[in-house]
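Chains, contacts and geometry: an overview
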Amino acid sequence: MDRARNLDRLGDPFDLAIIGGGATGLGAAVEAAARGYRTVLLEARDFAQGTSSRSTKLVHGGVRYLAQGNVGLVREALLERGRLRRNAPHLVGDLEFVVPAYAWWSGPYYGVGLKLYDVLAGRHRLGTSQLLSRAQVLERLPTLEPDQLKGGVRYFDGQFDDARLAVALALTASDLGAVLVNHASVVGLLKSGGKLRGVQVRDDETGREHEVSARAVVNATGVFADGIRRMDEPGAPALVTPSQGVHLVLPDAFLPGTHALMIPRTDDGRVLFVVPWHRRALVGTTDTPVPEVAVEPRPLEEEVAFLLEHAARYLTRDPRREDVLSVYAGLRPLVRAEGAASTASLSRDHSIFESPSGLVTIVGGKWTTYRRMGEDVVDHAARMAGLPERPSSTAELRLHGAPLDEKVEHSAAGTPSGMLAAYGTEADQVRALAEADPDLAVPMHPRLPYLMCEVAWAVRHEMARSVEDVLSRRTRALVLDARAAIECAPAVARVVARELGRDESWEAEQIASFTRRAEQSLLS
Ligand SMILES: Cc1cc2nc3c(=O)[nH]c(=O)nc-3n(C[C@H](O)[C@H](O)[C@H](O)COP(=O)(O)OP(=O)(O)OC[C@H]3O[C@@H](n4cnc5c(N)ncnc54)[C@H](O)[C@@H]3O)c2cc1C
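Our subject in this report is the structure included herewith. These figures come from a predicted structure and were not determined experimentally.

Regarding helix α5 (residues 106-121)
The end-to-end C-alpha distance of α5 is 23 Å, a good match for the 22 Å that 16 residues give at a rise of 1.5 Å each. Within α5, the full set of buried residues consists of S106, G107, G111, L114, Y117, D118, L120 and A121. Residues of α5 that are buried make contact with α3 (63-67), α4 (71-87), β4 (92-101), β5 (130-133) and β6 (151-160).

Overview of the site of the ligand
Around the ligand, a shell composed of 37 residues is seen, among which T24, E43, S52, L58 and T368 lie nearest. Interatomic distance of 3.0 Å between a backbone N/O atom of T56 and a nitrogen atom of the ligand. The separation between an oxygen atom of the ligand and a polar main-chain atom of W367 is 3.1 Å. Look at the ligand: alone it shows 1,000 Å² of surface, and the protein chains cover 95% of it. Put simply, the parts of the chain that give the shell around the ligand at least two residues each are α2 (23-34), β8 (184-192), β11 (240-251) and β16 (326-335). Considering only residue class, the shell around the ligand consists of 12 nonpolar, 19 polar and six charged.

Some thoughts on the pattern of salt bridges
Taken as a whole and assessed by the stated rule, the structure comprises 47 salt bridges. Between D157 and R81 there is a salt bridge; the shortest N-O distance is 2.7 Å. Note that D157 is positioned in strand β6 and R81 in helix α4, a separation of 76 residues in sequence. Across the pair, R81 and D157 agree in class, each one buried.

Looking at unusual backbone geometry
Looking along the chain, the bond that leaves G284 and enters T285 is cis, with omega of 10°. Its place among the elements puts T285 in the loop between β14 (280-284) and β15 (288-289). Positive phi outside glycine occurs at H183, with the angle close to 50°. Here H183 lies in the loop between β7 (179-181) and β8. Phi angles above zero are rare outside glycine, and R279 is one such case at about 60°. Examined against the element boundaries, R279 turns out to sit in the loop between β13 (272-277) and β14.

Observations regarding the side chain of D376
Along the chain, the position of D376 falls in helix α10 (residues 370-385). At a separation of 2.8 Å, a polar atom in the side chain of D376 contacts the side chain of H350.

Digging into the pairing of strand β1 (residues 13-19)
Most of β1 is tucked away, with six of its seven residues classed as buried. In this sheet, strand β10 (residues 209-219) lies alongside β1 in parallel orientation, the contact comprising six bridges. Bridging from a neighbouring strand, L16 pairs with A216 of β10. Judged from the four bridges that link them, β1 and strand β2 (residues 39-42) form a sheet pairing that is parallel. Pairing of A17 across the sheet is with V40, part of β2.

Focus: the nonpolar core
If you look at the biggest cluster of nonpolar residues, it comprises 48 residues, and the most contacted ones within it are L16 and L180. Elements supplying a minimum of two residues to this core: β1, α2, α7 (162-175), β10, β18 (359-364) and α10. The element best represented in this core is α7, accounting for eight residues. If we skip the residues at most four places from it in the chain, L16 touches A32, Y37, R38, T39, V40, A214, A216, V218, V378, A381 and L387.

Thresholds, definitions, all that
- Residues numbered from 1 in each chain as written.
- Predicted model: local features only at pLDDT ≥ 70, side-chain atom pairs only at ≥ 80, totals over all residues.
- Heavy atoms only, no water.
- Helix = DSSP H or I, 4+ residues; strand = E, 2+ residues; numbered from the N terminus.
- Expected span 1.5 Å × (residues − 1).
- Buried < 20%, exposed > 50% of the residue type's maximum accessible area, 1.4 Å probe, protein only.
- Contact = heavy atoms within 4.5 Å.
- Near = heavy atom within 4 Å.
- Polar contact = N/O pair within 3.5 Å; in protein donor to acceptor, adjacent residues only side chain to side chain.
- Areas by Shrake-Rupley, 256 points an atom, 1.4 Å probe, with all protein chains shown as cover.
- Nonpolar A, V, L, I, M, F, W, Y, C, P; charged D, E, K, R; others polar.
- Salt bridge = Lys/Arg side-chain N within 4 Å of Asp/Glu carboxyl O.
- Pairing = 2+ DSSP bridges.
- Core = buried A, V, L, I, M, F, W, Y, C linked by side-chain atoms within 4.5 Å.

Limitation: the analysis is restricted to geometry and does not speak to function.
Next comes the structure, spelled out in structure tokens:
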């Protein structure tokens with residue numbers, strides 16, 4: 001993906017312009033390009049910089065939806081889980097979850113529900129759920145609070161690296177001919193005779209504006225969707241209610257091993273996970289309605305306290321603020337029940353709306369179902385714009401970097417294991433950069449599982465444009481250890497500046513702005 005070349009192509013005529021480069025927009029771009037539609041995607045910040053890099057990292061059917069009786073939704077998500085696992089084995093793996101039972105009835109109760117989960121997964125089942133004795137639970141989760149523990153249930157789900165999957169989708173769309181540009185904000189909609197004919201986009205690196213012509217415009221901006229809708233209809237009522245979810249990242253000493261802990265009911269009636277991920281333990285999440293949409297949502301003190309308190313309740317060692325390596329918050333784009341009339345509601349999970357001028361907005365859903373959402377929204381937009389009808393082929397489409405033989409070594413805890421595993425078939429090329437240049441052969445930081453060659457690779461091939469793009473989403477340094485990320489920012493900035501041909505003042509500004517950003521991920 002070459003950003004400069006893609007900027008030059010913005011003058012081409014497109015069939016579809018997609019606004020937003022999160023899971024939803026990228027899924028739509030892959031879908032549209034795979035059907036042969038001329039596709040452009042514009043992302044105001046970086047790919048997955050919004051909600052799509054801040055998830056619990058689960059590719060799941062949603063045990064919670066099952067408890068709500070939403071069987072259709074669970075079945076659809078389980079089907080997509082199976083497809084994603086097959087099409088991106090370098091980024092998705094299986095994870096065994098344990099639901100502890102502290103009351104005699106809860107083991108059998110959750111056991112029955114999870115059997116239904118197995119049945120719904122059908123041939124896409126990752127493993128069989130099973131009742132566990134107290135000893136079997138503690139063998140899997142040695143740091144689980146043993147007092148009053150009666151037993152438990154195990155079940156299987158998928159796990160992934162969200163921002164890396166977003167990069168893989170962007171590269172896949174690009175391989176298929178789509179034009180993608182990050183750090184490019186849509187600032188207006190172009191109309192003629194009351195109908196949309198394209199978008200006005202600003203290159204946020206230079207301030208230069210471009211007109212992009214497209215037969216259909218898809219608004220996939222998540223919690224920002226109402227802002228785009230109001231560029232179309234200034235008085236449009238709000239569709240999206242943002243709800244914040246926070247995660248704490250702890251050292252793996254709090255959850256050693258390869259099993260995840262699932263608490264089906266917290267004090268506020270939610271599901272809580274403690275999940276092993278890249279040799280850390282992720283604790284999440286919360287569900288807090290927030291009045292305003294922020295680019296960088298801030299965790300509230302009460303959310304942090306809630307997570308620390310619940311983790312302490314179920315783990316033998318109580319985590320304290322100073323144990324937290326990083327904290328992150330994301331906003332769910334929930335659809336308002338009383339929102340504007342829906343022209344098509346294709347699933348209970350996500351909704352598609354069409355305005356009189358033809359703006360197609362897609363909101364809701366989850367990462368796991370991004371492919372299905374892309375299929376639905378491209379069907380809708382193509383029909384609306386009168387594009388030639390073409391069937392979807394993405395259910396079987398291998399994503400960029402996916403090995404053909406599916407033989408990927410996975411760590412027992414879900415994510416593919418080993419240095420550079422996330423690059424799949426390109427890992428050797430990334431490694432070759434280190435072999436050619438000793439400066440790139442060194443680790444990024446002693447506490448991080450990355451090499452400096454990944455920085456150069458990210459800039460050259462993955463459209464990373466800043467230190468934050470590299471440390472937050474091309475690698476996951478900021479999530480794994482915010483302090484380590486701050487410490488290696490100067491070395492990373494040097495490589496990014498060299499690759500982009502920037503001067504020392506740019507480098508210094510990058511270090512300062514990344515440090516300010518990363519300090520928000522620290523609790524103490
Ligand atoms: C706490 C939490 C945990 C979750 N955990 C899971 C999980 O484990 N598994 C799962 O399947 N799902 C999970 N989800 C759901 C999933 O993360 C979201 O459904 C998904 O990421 C939403 O993607 P999106 O593309 O719609 O929105 P976003 O990722 O927010 O993307 C929208 C993009 O639009 C861009 N944009 C905004 N305005 C403009 C503009 N004017 N011009 C150009 N671009 C613009 C933004 O910069 C942003 O990148 C979780 C969600 C949350 C909040």
